[in-house]
Each structure stands twice: as C-alpha cells, then as structure tokens.
Amino acid sequence: MPLYEHVYLARQDLSQQQVDELTAQYKGVIEQLGGKVAKAEYWGVKSLTYRIRKNRKAHFTLLNVEAPPAALDEVERQEHISEDVLRAMTVRVEELEAGPSAMMRKVDRDRDRDERRGERRRDRDGPDSRGPRGPREDRGDGDDVETTER
C-alpha cells in the first residue's frame, strides 16, 4: 500500500479538542476504507505567511498514512467541504519517518535552547539582579528620584 504524509491546517479559533476531533474523524475515514494512520502529530498554532480566509494563524496537524489512494481522496474531499479546514496537502513518500517529525524536533531544540539561555542569564546576573549592570538599588544612576503630579 502507498505511504503518504498528510498535513492539514484548521482555523485558529477552534479549540485543540475540536482539532483532535477532526483528526479522529479523518482517521476513521481512512481506517474504514482499508488504510491505517501510523502517526498523528499536532504541531500547534502557528502563524501563516499570508492570510487564508481572513485567518493569520492556524492549527497544524500531520498524519502519516498507509492507505489506498481512494481513502486519501475521500479525506481530502471532506476537508474541502469543511469550513474548519483552511488548507490540506498530501505527499506520497517512499517511507514514513519513524521518530518525531522535523517540526517536533525543531520545537524540542528551541525549548532546550531557551532553557539553556535562561540558565546562563541566571548564572551571570545572579538571583536578585535586574540586568547586566547588577541590582537596581546599587546602580546610583538617579533612578530613585520621585516625581509628583501637578
């Protein structure tokens, strides 16, 4: 059976639960027509490069699918009918990726980088500082002058 990667974009005003229900619905269609979904990844809400139907953001979801072409045709047909789905794209691949997709690896890498940066800042500045020049009260640069209203 052919292998596919299918990504669809859902409207930003949907909740994550509604997006999960859409994913479950599409999985059901694929399984009814003799295919199987090897992996479903929710990538989160991401900004779009340009507006699509007045939406600037969308929920991104990836499905790794092993199914006959008719199953994917039916899923795409239902997505085109649905007002909740902004765009969908299916690509036939030679083999499905076993681990997390590139998008999920990027999220993990960015999260690790941010955690490391936070640790370095805390080490450099200390627990009570407000920046690279040290605590605010020790600066002596006149920031403690009171202002009165007139």
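Everything discussed here concerns the structure shown above.
The shown structure was predicted, so the numbers you read here are calculated from the model rather than taken from an experiment.

The rules behind each value
Residues numbered from 1 in each chain as written. Predicted model: local features only at pLDDT ≥ 70, side-chain atom pairs only at ≥ 80, totals over all residues. Heavy atoms only, no water. Helix = DSSP H or I, 4+ residues; strand = E, 2+ residues; numbered from the N terminus. Pairing = 2+ DSSP bridges. Expected span 1.5 Å × (residues − 1). Buried < 20%, exposed > 50% of the residue type's maximum accessible area, 1.4 Å probe, protein only. Arc of directions from axis to C-beta. Axes fitted to C-alpha atoms, helices over the stretch in contact; angles between N-to-C directions. Parallel < 35°, antiparallel > 145°, perpendicular 65-115°, else oblique. Left-handed = near helix turned anticlockwise from the far one by under 90°. Contact = heavy atoms within 4.5 Å. Nonpolar A, V, L, I, M, F, W, Y, C, P; charged D, E, K, R; others polar. Core = buried A, V, L, I, M, F, W, Y, C linked by side-chain atoms within 4.5 Å. Salt bridge = Lys/Arg side-chain N within 4 Å of Asp/Glu carboxyl O.

Colleague: Could you clarify how one ought to interpret unusual backbone geometry in this entry?
Modeller: With the exception of glycine, the majority of residues adopt a negative phi angle, and the majority of peptide bonds are in the trans configuration. One non-glycine residue, Arg53, adopts positive backbone phi at about 50°. For Arg53, the location among the structural elements is in the loop between strand E2 (36–52) and strand E3 (55–66). The phi torsion at Lys54 lies on the positive side, around 70°, for a residue other than glycine.

Colleague: It is not clear to me how the pairing of E2 should be interpreted in this structure. Could you clarify?
Modeller: It is a general feature of regular strands that their side chains alternate between the two faces of the sheet. Note: E2 against E3, 11 bridges, orientation antiparallel. Across the sheet, the residue bridging to Val45 is His59, located in E3. Two successive antiparallel strands, E2 and E3, enclose a turn made up of 2 residues, where Arg53 displays a positive phi of approximately 50°.

Colleague: Honestly, helix H1 (residues 16–32) in this entry has me stumped. Any pointers?
Modeller: An α-helical turn contains 3.6 residues, so a residue and the one three or four places further along point in the same direction. A rise of 1.5 Å per residue sets the reference length of H1, with its 17 residues, at 24 Å; its end C-alpha atoms lie 24 Å apart and thus fit the reference within 8%. For H1, every residue scored as buried is listed here: Val19, Leu22, Thr23, Tyr26, Val29 and Ile30. Down the axis, H1 shows its buried residues gathered within 120° of arc, on one side only. Residues of H1 that are exposed and angled more than 90 degrees away from the buried face: Gln17 and Gln32.

Colleague: Sorry, what's going on with the packing of H1 against helix H2 (residues 69–81) here?
Modeller: Two measures define how a pair of helices packs: the angle their axes make with one another and the distance between the axes. Where H1 contacts H2, the axes come no closer than 8 Å and their chain directions differ by 150°. Between H1 and H2, the crossing angle belongs to the class labelled roughly antiparallel. Considering the relative orientation of H1 and H2, their crossing is right-handed. Here H1 contributes Gln25, Tyr26, Val29 and Ile30 to the contact with H2, which in turn contributes Ala71, Glu74, Val75, Gln78 and Glu79. Tallied by class, the residues present in the contact of H1 with H2 amount to 5 nonpolar, 2 polar and 2 charged.

Colleague: Is there a simple way to think about the nonpolar core in this case?
Modeller: Looking at soluble globular proteins, one finds that nonpolar side chains tend to be buried together. In this structure, Tyr8, Ala10, Leu22, Tyr26, Ile30, Val65 and Ala67 are the most contacted members of the largest nonpolar core, which totals 17 residues. When residues in this core are grouped by element, the largest group, 5 residues, is from H1. Setting aside residues up to four positions removed in sequence, Ile30 forms contacts with Gly35, Lys36, Val37, Val65, Ala67, Ala71 and Val75. Counting residues in hydrophobic clusters, the runner-up holds 9 residues, among them Leu9, Trp43, Leu48 and Ala58.

Colleague: Where do I start with the pattern of salt bridges in this structure?
Modeller: Where charged atoms of side chains with opposite charge meet at close range, the side chains can pair. In this structure the tally under the stated criterion is 4 salt bridges. Glu41 is the partner of Lys39 in a salt bridge, and the nearest nitrogen-oxygen pair spans 3.5 Å. Side by side, Lys39 and Glu41 carry an identical accessibility label, which is buried. Residues participating in the shared-partner salt-bridge network are Arg11, Asp13 and Asp84.

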